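Residues per chain, in single letters:
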Amino acid sequence: DAMVIQNPRYQVTQFGKPVTLSCSQTLNHNVMYWYQQKSSQAPKLLFHYYDKDFNNEADTPDNFQSRRPNTSFCFLDIRSPGLGDAAMYLCATSRAGGYGYTFGSGTRLTVV
Amino acid sequence: KNQVEQSPQSLIILEGKNCTLQCNYTVSPFSNLRWYKQDTGRGPVSLTIMTFSENTKSNGRYTATLDADTKQSSLHITASQLSDSASYICVVTLYSGGGADGLTFGKGTHLIIQP
């Protein structure tokens, strides 16, 4: 089945130690998004790629970076995780115009 | 400011009963409205998506309605099951003329089904 896959489901990292979360898709969608969702809150958009074009949200901290080496893969890099970065990180994809919006199952990040 | 308000914040009902969740939005220009089900520790799963010309959309025991004039939507769950326990999120898409549309999320309604 075509889908959006996030690995790992759970990630524990040390305070200040760089960590990378991965997302892959078999939908061949143009757009890939990264969201941060903290407990009992709505997901917050961090950035998205429209094909190779990177679009950062104005309030996304510099600590968060992203890479999209090809259509299928997108990575979220947290350069120096703080305790406040502990959250669920959701990857989503869509076609141009937001059609076919599909979420991955998420990666739960714990910072110790 | 584009906003999506959901009510109630949380709801507890007995298994087998029906319930209705509400969503009011101020997003403009409007493209579509989606209802998602999010189990604890999981990503959102799409239930329905409606454009401004659609008044109702069903997916099994889930029926969504949309009134684009009053900017209100509802999600009705019929004959609830224990597996319906989850957060239900209303998401409104901003029309951006073919670009990477922005989504505005509601905070969700946390539904608990009790046996």
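One can find the structure itself at the top, above this paragraph.
Each value, and the rule that gives it
Residues numbered from 1 in each chain as written. Chains lettered and ligands numbered in written order. Predicted model: local features only at pLDDT ≥ 70, side-chain atom pairs only at ≥ 80, totals over all residues. Heavy atoms only, no water. Helix = DSSP H or I, 4+ residues; strand = E, 2+ residues; numbered from the N terminus. Rg over C-alpha atoms; globule rule 2.2 N^0.38 Å. Buried < 20%, exposed > 50% of the residue type's maximum accessible area, 1.4 Å probe, protein only. Contact = heavy atoms within 4.5 Å. Areas by Shrake-Rupley, 256 points an atom, 1.4 Å probe, with all protein chains shown as cover. Lys, Arg positive; Asp, Glu negative; His and termini not counted. Charge placed at Lys NZ, Arg CZ, Asp CG, Glu CD. Pairing = 2+ DSSP bridges. Axes fitted to C-alpha atoms, helices over the stretch in contact; angles between N-to-C directions. Salt bridge = Lys/Arg side-chain N within 4 Å of Asp/Glu carboxyl O. Phe/Tyr/Trp six-rings, centres within 6.5 Å; stacked < 30°, edge-to-face > 60°.

Student: Give a description of the overall build of chain B that names residues and reports values.
Tutor: Per the secondary structure count, chain B includes zero helices and eleven strands. The C-alpha atoms of chain B give 14 Å as radius of gyration, which agrees with the globular expectation for 115 residues (13 Å, within 12%). A principal-axis box enclosing the C-alpha atoms of chain B has dimensions of 45 × 30 × 20 Å. Considering chain B as a whole, with its 115 residues, one finds that 41% of them fall into the buried category. Counting only contacts in chain B whose residues sit at least 6 apart along the sequence, the fraction spanning at least 24 positions is 56%. On chain B, roughly 5,600 Å² of surface is accessible, and the fraction owed to carbon and sulfur atoms is 50%. Across chain B, the 9 positively charged side chains and the 8 negatively charged ones have centroids separated by 5 Å.

Student: Any details on the sheet that holds strand β8 (residues 73–78) of chain A? Residues and values, ideally.
Tutor: All names here are of chain A. Strand order across the open sheet formed by four strands is β1-β3-β8-β7, with antiparallel pairing between neighbours. Of all the strands in the sheet, the pair left with one neighbour each is β1 (4–7) and β7 (64–67). Strand-to-strand twist across the sheet, computed as the mean angle between neighbouring axes with direction ignored, equals 20°. Pairing analysis gives six bridges linking strand β3 (residues 19–25) to β8, with the strands arranged antiparallel. Bridge pairing links S22 to F75 in β8.

Student: Any chance you could break down the sheet that holds strand β3 (residues 19–25) of chain B for me, citing the residues and the numbers?
Tutor: Residues and elements named next belong to chain B. The five strands are arranged β1-β3-β8-β7-β6 in an open sheet whose pairing can be described as antiparallel. For this open sheet the edge positions go to β1 (4–7) and β6 (56–59), each flanked by a neighbour on one side alone. Averaged over all neighbouring strand pairs, the angle between strand axes comes to 15°, with direction disregarded. Bridge analysis of β3 against strand β8 (residues 72–77) gives six bridges, and the strand direction is antiparallel. Each residue of the ladder has a partner; that of L21, found in β8, is L75.

Student: Before we move on, could you go through the pattern of salt bridges and cite the residues and values that matter?
Tutor: Residue and element names in this part refer to chain A. In total, this model carries four salt bridges over all chains according to the counting rule given. Residue K44 pairs with D59 through a salt bridge whose shortest N-O separation is 3.3 Å. Separated by 15 residues along the polypeptide, K44 in strand β5 (residues 44–50) and D59 in the loop between β6 (53–56) and β7 bring together distant segments of the chain. By relative accessible area, K44 is classed as partly exposed at 30%. Judged by its relative accessible area of 52%, D59 falls in the exposed class. Close ionic contact of R67 with D77 constitutes a salt bridge, the shortest N to O distance being 2.7 Å. Taken as a pair, R67 in strand β7 and D77 in strand β8 lie far apart in primary sequence, ten residues in all. In this structure R67 comes out as partly exposed when scored by relative accessible area, which is 39%.

Student: An account of the packing of aromatic side chains is needed here, citing residue identities and associated values.
Tutor: According to the stated counting rule, one finds 13 aromatic pairs over all chains in the structure shown. Here the aromatic rings of F103(A) and Y36(B) are separated by 5.3 Å at their centres, their planes lie at 90°, and the arrangement is edge-to-face. Of this pair, F103(A) sits in strand β10 (residues 102–103) while Y36(B) sits in strand β4 (residues 30–38), placing the two residues on different chains. Ring centres of F103(A) and F105(B) lie 6.2 Å apart, and the angle between their planes is 70°; on these two criteria the pair is classed as edge-to-face. Note that F103(A) is positioned in strand β10 and F105(B) in strand β10 (residues 103–105), a pairing that runs across two chains. Here the two residues F103(A) and F105(B) agree in accessibility, since each one is buried. The rings of Y33(A), Y35(A), Y101(A), F103(A), Y36(B) and F105(B) are connected pair by pair, giving a single aromatic cluster.

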